[in-house]
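Each chain is listed here by its residues.
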Protein chains: 2
Amino acid sequence: MNQSDILQLIEQKRYVELKRELTDIKPVDIAEIMDPIDPNITLLIFRMLPKDIAVEVFAHFSNIQQREIINAITDKELIYILDELFFDDMIDMIEEMPANVVNKILQHSTNEERKLINQFLKYPADSAGSLMTIEYVELNQNMTVKESLDHIKEIGLNKETVYTCYVINKNRVLEGIVSLRVLVTSEEDEIIKDLMVDVEDIVFVNTHDDQETVANIFIKYGFLALPVVDKERRLTGIITVDDIMDVMEQEGTEDFQKMAAMAPTDDAYLSTSVFKLAKNRIPWLLILMIGAAFTGGIITRFEDVLSSMVILTAFIPMLMDTGGNSGSQSSTLIIRGIAIGEVTLADKWKVLWKEFRVSIIVGVVLGFVNFLKNIYFDKVGLDVAITVSITLVSTVIMSKMAGGILPLIAKKLKLDPAIMAGPLITTLVDSFALIIYFSIASMFLGL
Amino acid sequence: MNQSDILQLIEQKRYVELKRELTDIKPVDIAEIMDPIDPNITLLIFRMLPKDIAVEVFAHFSNIQQREIINAITDKELIYILDELFFDDMIDMIEEMPANVVNKILQHSTNEERKLINQFLKYPADSAGSLMTIEYVELNQNMTVKESLDHIKEIGLNKETVYTCYVINKNRVLEGIVSLRVLVTSEEDEIIKDLMVDVEDIVFVNTHDDQETVANIFIKYGFLALPVVDKERRLTGIITVDDIMDVMEQEGTEDFQKMAAMAPTDDAYLSTSVFKLAKNRIPWLLILMIGAAFTGGIITRFEDVLSSMVILTAFIPMLMDTGGNSGSQSSTLIIRGIAIGEVTLADKWKVLWKEFRVSIIVGVVLGFVNFLKNIYFDKVGLDVAITVSITLVSTVIMSKMAGGILPLIAKKLKLDPAIMAGPLITTLVDSFALIIYFSIASMFLGL
């Protein structure tokens, strides 16, 4: 079943058949099929779905589709959706809606809901608070296993997860967690207090912790869910692993974008407008273009050297490219290492020392190959070959040291290490490479 | 508690205290603390741990530490570890061990285990088969909820997950799944057949499916576990979400490495040897260095143009860098889009059309800024300013089209799209940029 099948069924008004076909498809797939489709048809299909499925499909819609649906449906339908959506999905949606839609939503919420929504909207984007949900199972220390299981049986289907239950006291302070696995493998009359993992031994995060930190905790410990507490260690929500996988994908994509000198965005490539794509790309290209003017300036300064030996110009692209590539290799490893928590500021000397040794090996190998190529293939004089090769070795060493340390310096300065990637490193290193090149040339060739 | 605290306690022979401290730390943290430590101390601490904790710590060790431990411990200790390790952790370990260690392990396995190990070792690296575990809960259609829960109570603690149970027939063909959530919220006398999600409606993968495909399924549907079947739809194992998070991290890291022109590796940066780091970096640098020689060749070919107007040389770095950066932006978005399943081969015309429009906007903005800079800041003649600006616009358009389409062509040719990233695109685009530059210069300046 794909989009054209659906459109055909609608055109032929074979609605019963369409309805039957739709019930066989998972909600996320329905949302995907309906992605770039006429709003009226979206609404028609949406109303054809059983109500509970419709809500799930709605949760997977893009922001644009959600907005269209909200603007088109009746108040009764909206209230149903708002009641049934998981709280984190609702917050995600509200965050992306224009003011008039948000007002429509808030009008249809109870006082208490409105308070909660406002509280959640205040958590910084990319914080643990912005990821968490409030649909979790609460237990208290004195309950028995049977009481706990009965409680889960009663409310479990409306909770985002029942596989980890949270033990809190009457002030909502987190006291421990107990997994459903432990509950079902224990005797009915055992007491939660004796089964739970005490709060001293569990990992939890604060509402303001960064989502990348949270993701690294999930990866390290392999959790399915993680409690989020406030400053008084009161449980304010939980984060589930499915949302963390989205965070990992999103953080990865953002790092790729930043490292390729673009403003990061969550939007899928194919559904981002041409204008927005251009807007994300122009600022860094402009900065780097102006930066490259310095490199040009160096060439102008050494114009005499160049015009008396035009052959030197021929090696400029190779020296610039190799310098840039060498630096990118190092900076990429360090930026990624920082992102996944493998490399920290404390490792700065280790990184420098390692890059120094690696760059000597790499530089010497490249310099040697280049020297042979200069002599036997390019057939330039020994003086030119030595000038180019020495510049190459020095450029590789310098680029790799810069690539290794600049992301750590950015981190230290509380900047995003990902900006210290290939494009910026290349621009920085180019000038130095040319200065070395022309200086050696002046000396060596007696210019 | 960090490494130096531990070493201090050992030096002062305060073993009781050390043992107590260690029981408060999670196994993965103990493994991390013990990472770069003397093998004898590793063994000492390892033997100090309660046996079940020791096995968990072992599972989190690096390959080097695992090898040292296996070589040092007694046969009895090894058998205990092999019995207690989850099957997927055991396979991961065996895959990385040298032949003599593998033999030692196989000697201490039963016939049946040996057969299973050999079967699992045959699955291609990075396939679903290589990720799966065999510790799952099997049910059959005719069991009641009570029977199922009793079964889980009996065996659940030794299974990697109990949260999804797999319903199979006597030939081990997968018939459906039922979640523990459904089991605990249903009545005791209900029958699995009536509660399970039928196999028609569940997502499963084949042993040979690629791990990136599997990860994208987890992300899309938010699963906690996924069944893996063979060609006859017999259940051969399951994949759990914790292993998928590792895959996502690893695939992300590998893409970063490949896109920065390095041979990809799983190893953590700080624990990779200098020699291996150099080996991963040299081949692509050499290829790109040789590639850049073409760019140099073009300069040599247009030597006359250059020597009669040396000022043109000053803009070469800017043109090359901007071309490379523009192309990297586009190729990065497409490579990432392909990796997360957002962009497919079918989108090739959409991508080209989009990149064409984006590149015109970006090119014109950059060209305009450059023109003003040439006239008012560099104070070059109108002819030079026009030459540089037209080259810039054409280079941006060409780079972005190349960056958009080359990853898709690589995909079509069954190559890894990630190789079509910044470094290669830069080298390819540089030559074209210079050809355009000198051609326009020859025409325009009447050279």
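Note that this is a predicted model, so its numbers are computed, not measured.

A. Representation of the overall build of chain A within the structure. Within chain A, the secondary structure is distributed over 22 helices and 7 strands. Its C-alpha radius of gyration of 30 Å places chain A more than 25% over the 22 Å reference for a compact globule of 447 residues. For chain A, the C-alpha atoms occupy an extent of roughly 90 × 65 × 35 Å along the three principal directions. Relative to its full complement of 447 residues, chain A shows a buried share of 55%. By sequence separation, contacts in chain A at least 24 residues apart represent 67% of the contacts at least 6 residues apart. About 19,500 Å² of surface is accessible on chain A, with carbon and sulfur atoms providing 57% of the total.

B. Representation of the sheet that holds strand β6 (residues 225–229) of chain B within the structure. Residue and element names in this part refer to chain B. Spatial strand order, β5-β6-β7: 3 strands in an open sheet with mixed pairing. Two strands bound the open sheet, and with one partner strand each, they are β5 (205–206) and β7 (235–240). Relative to β7, β6 is paired through 5 bridges, and the arrangement is antiparallel. The residue of β7 that forms the bridge with Ala225 is Thr240.

C. Expanded view of the packing of helix α21 (residues 382–412) of chain A against helix α22 (residues 422–444) of chain A. All names here are of chain A. Running from amino to carboxyl end, α21 crosses α22 at an angle of 150°, the nearest separation of the two axes being 9 Å. For the element pair α21 / α22, the angle class is roughly antiparallel. Both α21 and α22 take part in a crossing whose hand is right-handed. Of the residues that constitute the contact of α21 with α22, the class distribution is 16 nonpolar, 6 polar and 1 charged.

D. Broad picture of the relation of the copies chain B and chain A. Relative to chain A, chain B is turned by 180° and slid 0.0 Å along the rotation axis, the superposed coordinates differing by an RMSD of 0.1 Å. Expressed as a symmetry operation, the mapping of one chain copy onto the other fits a two-fold axis. Interface overlap between copies: 100% of the residues of chain B at the interface are likewise at the interface in chain A, consistent with a symmetric, same-surface contact.

E. Spatial organisation of the UniProt feature "domain: CBS" (unreviewed entry) in chain A. UniProt tags residues 196–254 of chain A as "domain: CBS" (unreviewed entry). From the first C-alpha to the last, residues 196–254 of chain A spans 38 Å; its make-up is 42% helix and 25% strand.

F. Structural context of the pattern of salt bridges. Within this structure, the stated rule accounts for 22 salt bridges over all chains. Of the charged contacts, one joins Asp29 of chain A and Lys220 of chain B as a salt bridge, the two residues approaching to 2.5 Å between their closest N and O atoms. Remark: Lys220 of chain B occurs in helix α15 (residues 211–221) and Asp29 of chain A occurs in helix α3 (residues 27–33); the pair is interchain, linking two chains. Among the residues examined, Lys220 of chain B registers a relative accessible area of 27% and is labelled partly exposed. Across the salt bridge formed by Lys258 of chain A and Asp255 of chain A, the nearest N and O atoms sit 3.8 Å from each other. With Lys258 of chain A and Asp255 of chain A both in helix α16 (residues 241–259) and 3 residues apart, the pair spans about one turn of that helix. Residue classification places Lys258 of chain A among the buried positions, given a relative accessible area of 17%. Note on Asp255 of chain A: relative accessible area 9%, which makes it buried.

G. Focus on the sheet that holds strand β3 (residues 174–179) of chain B. Spatially, β1-β2-β3-β4 (chain B) is the arrangement adopted by the 4 strands of the open sheet, whose pairing is mixed. The two strands at the open ends of the sheet, each matched to only one other strand, are β1 (138–139) and β4 (197–198) of chain B.

H. Up close: the packing of helix α15 (residues 211–221) of chain A against helix α16 (residues 241–259) of chain B. At a closest axis distance of 8 Å, the pairing of α15 of chain A and α16 of chain B adopts a crossing angle of 120°. As far as their axial angle goes, α16 of chain B and α15 of chain A are oblique. For the element pair α15 of chain A and α16 of chain B, the recorded crossing hand is left-handed. Residue-level inspection shows Asn216, Phe218 and Ile219 of chain A of α15 of chain A in contact with α16 of chain B, the latter providing Met245, Asp246 and Glu249 of chain B. Considering only residue class, the contact of α15 of chain A with α16 of chain B consists of 3 nonpolar, 1 polar and 2 charged.

I. Main features of the UniProt feature "transmembrane region" (unreviewed entry) in chain A. Here, UniProt's "transmembrane region" (unreviewed entry) annotation points to residues 282–299, 356–372, 384–409 and 421–445 of chain A. Secondary structure across residues 282–299 of chain A comprises 100% helix and 0% strand; the distance between its end C-alpha atoms is 26 Å.

J. Geometry of empty space enclosed by the protein. Inspection of every chain in the model, using the stated rule, returns 6 cavities of 30 Å³ or more. Taken as a whole, the largest cavity spans an internal volume of roughly 430 Å³. Around the largest cavity sit 27 residues that line it, and Ser328 and Gly422 of chain A together with Ser328, Gly422 and Pro423 of chain B are the ones nearest its centre. Mapped onto the lining of the largest cavity, the elements with two or more residues apiece are α16, α19 (316–339) and α22 of chain A together with α16, α19 (316–339) and α22 (422–444) of chain B. A total of 6 residues in the lining of the largest cavity trace back to one element, the largest contributor, which is α19 of chain A. Among the residues making up the lining of the largest cavity, the classes are represented as 11 nonpolar, 14 polar and 2 charged. Its boundaries defined by the atoms lining it, the second largest cavity holds a volume of some 350 Å³. Met248, Glu249 and Arg336 of chain A together with Met248 and Arg336 of chain B are, among the 28 residues lining the second largest cavity, the residues nearest its centre. When contributions to the lining of the second largest cavity are tallied by element, the ones reaching two or more residues are α15, α16 and α19 of chain A together with α15, α16 and α19 of chain B. Here the residues of the lining of the second largest cavity are counted per class, giving 14 nonpolar, 4 polar and 10 charged.

K. Representation of the interface of chain B and chain A in the model. Counting residues at the interface gives 113 residues for chain B, matched by 113 residues for chain A. Summed over both partners, the interface of chain B with chain A comes to about 10,000 Å²; 71% of that surface belongs to carbon and sulfur atoms. Contact with chain A buries surface across chain B, with Arg181, Phe256 and Tyr269 of chain B losing the most and accounting together for 9% of the total. Taken together, the connections running from chain B to chain A amount to 6 salt bridges. One can count 36 residue pairs in polar contact (both at pLDDT 80 or more) joining chain B with chain A. Broken down by element, the residue count for the side of chain B that touches chain A peaks at 17 residues, all from helix α17 (residues 274–301) of chain B. Here the residues of the side of chain B that touches chain A sort into 59 nonpolar, 27 polar and 27 charged.

L. Spotlight on the domain arrangement of chain A. By domain assignment, chain A separates into domain 1 (3–122), domain 2 (138–240) and domain 3 (269–444). Here the C-alpha centroids of domain 2 of chain A and domain 3 of chain A sit 50 Å apart.

M. Layout of unusual backbone geometry. Residue and element names in this part refer to chain B. Within the chain, Lys13 stands out as a residue other than glycine whose phi angle is a positive 55°. Along the chain, Lys13 turns up in the loop between α1 (3–11) and α2 (15–23). Positive phi, normally seen in glycine, also occurs at Arg172, with a value near 65°. Among the secondary structure elements, Arg172 is positioned in the loop between β2 (164–168) and β3.

N. Representation of the environment of Asp416 of chain A within the structure. Residue and element names in this part refer to chain A. Mapped onto the elements, Asp416 comes out in the loop between α21 and α22. When the C-alpha positions of Asp416 and Ile316 are compared, they lie 31 Å apart, and in sequence the two are 100 residues distant. Not counting chain neighbours up to four residues away, the residues in contact with Asp416 comprise Lys258 and Ala410. Within polar-contact distance, the side chain of Asp416 engages the side chain of Lys258 at 2.3 Å.

O. A look at the side chain of Asp430 of chain A. By the secondary structure assignment, Asp430 of chain A is in helix α22. Despite its burial, Asp430 of chain A pairs with no opposite charge, the nearest such side chain being Lys373 of chain B at 14 Å.

P. Representation of the packing of aromatic side chains in the model. Tallying each qualifying case throughout the model produces 18 aromatic pairs over all chains. Measuring from centroid to centroid gives 6.4 Å for Phe58 of chain A and Phe61 of chain A, while their planes differ by 70°, and the two rings are edge-to-face. With a relative accessible area of 5%, Phe61 of chain A lands in the buried category. Arranged with centres 5.5 Å apart and planes meeting at 40°, the rings of Tyr437 of chain B and Phe438 of chain B form a pair that is tilted. Take Tyr437 of chain B: its relative accessible area is 0%, and that puts it in the buried class. Of the aromatic side chains, those joined through ring pairs into one cluster are Phe87, Phe120 and Tyr123 of chain A. Of note, Lys354 of chain A hangs over the ring of Tyr269 of chain B, and the distance from its end group to the ring centre comes to 5.8 Å.

What counts as what
- Residues numbered from 1 in each chain as written.
- Chains lettered and ligands numbered in written order.
- Predicted model: local features only at pLDDT ≥ 70, side-chain atom pairs only at ≥ 80, totals over all residues.
- Heavy atoms only, no water.
- Helix = DSSP H or I, 4+ residues; strand = E, 2+ residues; numbered from the N terminus.
- Rg over C-alpha atoms; globule rule 2.2 N^0.38 Å.
- Buried < 20%, exposed > 50% of the residue type's maximum accessible area, 1.4 Å probe, protein only.
- Contact = heavy atoms within 4.5 Å.
- Areas by Shrake-Rupley, 256 points an atom, 1.4 Å probe, with all protein chains shown as cover.
- Pairing = 2+ DSSP bridges.
- Axes fitted to C-alpha atoms, helices over the stretch in contact; angles between N-to-C directions.
- Parallel < 35°, antiparallel > 145°, perpendicular 65-115°, else oblique.
- Left-handed = near helix turned anticlockwise from the far one by under 90°.
- Nonpolar A, V, L, I, M, F, W, Y, C, P; charged D, E, K, R; others polar.
- Least-squares fit on C-alpha atoms with pLDDT ≥ 70 in both.
- UniProt positions renumbered as here; feature names shortened; annotations may be inferred.
- Salt bridge = Lys/Arg side-chain N within 4 Å of Asp/Glu carboxyl O.
- 1 Å grid on protein atoms, 1.4 Å probe; cavity = no way out; pocket = protein on both sides within 12 Å on 5 of 7 lines; lining within 4 Å.
- Points joined across faces, edges and corners; volume = space filled by probe spheres on them.
- Buried area = accessible area lost by both parts, 1.4 Å probe.
- Polar contact = N/O pair within 3.5 Å; in protein donor to acceptor, adjacent residues only side chain to side chain.
- Domains from an automatic or database assignment.
- Lys, Arg positive; Asp, Glu negative; His and termini not counted.
- Phe/Tyr/Trp six-rings, centres within 6.5 Å; stacked < 30°, edge-to-face > 60°.
- Lys NZ or Arg CZ within 6 Å of the ring centre and 35° of its normal.

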